[in-house]
Amino acid sequence: MWRLPCLCLFSTTKTILSFTSFRPLKEVKLQRSVEQSKHPSAPRSGTMMENEAFTAFIFYGTLLVLKMYAVAIITGQVRLRKKVFANPEDALRHGGLQYHREDPDVERCLRAHRNDMENIYPFLFLGAVYSLLGPDPDVARIHFLVFFFGRIIHTVAYLLKLRAPTRSVAYTVAQLPCFSMALQILFKVLRRWW
Ligand SMILES: N[C@@H](CCC(=O)N[C@@H](CS)C(=O)NCC(=O)O)C(=O)O
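Residues numbered from 1 in each chain as written. Predicted model: local features only at pLDDT ≥ 70, side-chain atom pairs only at ≥ 80, totals over all residues. Heavy atoms only, no water.

1. Observations regarding the pattern of salt bridges
Moving on, step 1. Under the defined criterion, the tally for this structure stands at seven salt bridges.
Moving on, step 2. Between K82 and D103 there is a salt bridge, and its shortest N-O distance comes to 3.1 Å. Of this pair, K82 sits in helix α4 (residues 52-82) while D103 is found in the loop between α5 (88-93) and α6 (104-132), placing the two residues 21 residues apart along the sequence.
Moving on, step 3. Residues D116 and R151 are paired through a salt bridge, measuring 2.9 Å at the closest nitrogen-oxygen approach. One end of the pair, D116, is in helix α6; the other, R151, is in helix α7 (residues 137-159), with 35 residues separating them in the sequence. We note that D116, like R151, is buried.
Moving on, step 4. A single salt-bridge network, built from bridges that share partners, covers K82, D103, D105 and K161. (Salt bridge = Lys/Arg side-chain N within 4 Å of Asp/Glu carboxyl O. Helix = DSSP H or I, 4+ residues; strand = E, 2+ residues; numbered from the N terminus. Buried < 20%, exposed > 50% of the residue type's maximum accessible area, 1.4 Å probe, protein only.)

2. Examining unusual backbone geometry
Moving on, step 1. With omega at 10 degrees, the peptide bond leading from A164 into P165 counts as cis.
Moving on, step 2. Looking at the secondary structure, you find P165 in the loop between α7 and α8 (166-193).
Moving on, step 3. Within the chain, K83 stands out as a residue other than glycine whose phi angle is a positive 50 degrees.
Moving on, step 4. Tracing the sequence through the fold places K83 in the loop between α4 and α5.
Moving on, step 5. In this structure, K161 is a non-glycine residue whose phi angle is positive, near 55 degrees.
Moving on, step 6. Tracing the chain through its elements places K161 in the loop between α7 and α8.

3. Things to note about the UniProt feature "transmembrane region" (unreviewed entry) in the protein chain
Moving on, step 1. In the UniProt entry, the feature "transmembrane region" (unreviewed entry) is given for residues 53-74, 118-134, 140-160 and 169-187.
Moving on, step 2. Split by type, residues 140-160 is 95% helix and 0% strand. Its first and last C-alpha atoms lie 30 Å apart.
Moving on, step 3. Helix makes up 100% of residues 169-187 and strand 0%, with an end-to-end C-alpha separation of 27 Å. (UniProt positions renumbered as here; feature names shortened; annotations may be inferred.)

See below:
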């Protein structure tokens, strides 16, 4: 009964230890290929992580998800500081129904968050598909980096009310790699069909 949970725990611990041991990538790859040649029918572990473009995508994608969480946390802090609550029950808990109201700073945070949803969610789709289609890892990394910094600057410009057109330029720059990835995905699919 305990065999399966023990096996799971063992393999998770092994994975964590292999991450924290900081062995050079070459050494890890060599050991894997030796293991694979010994047990050719065994499932290959870490195949996704061997795709450099996909690893870069996971890295920047996760950072951007964390950035979105940060905007949500900032929104909550602005609500508390300015006593601006979205729901009557929250307002009642913090002093009275008069605090169930709107505020320009909270609205700004919400717009920044909504704009992230309009742009980062599509990136999570496009980036994943694009990196699985075998792009040059360096070119892929440039796509992700441009999008990442574009979105960071967009958020900073939005929340700190930086002078126009900083936010719009950041938005446009971040859109470029997305269009590039979308076009490359479409071309690859069309080439396969015709
Ligand atoms: N839904 C966006 C579409 C266009 C867009 O994303 N524009 C960028 C650059 S001007 C932006 O930061 N818009 C502000 C926002 O979405 O709140 C809008 O209504 O503006």
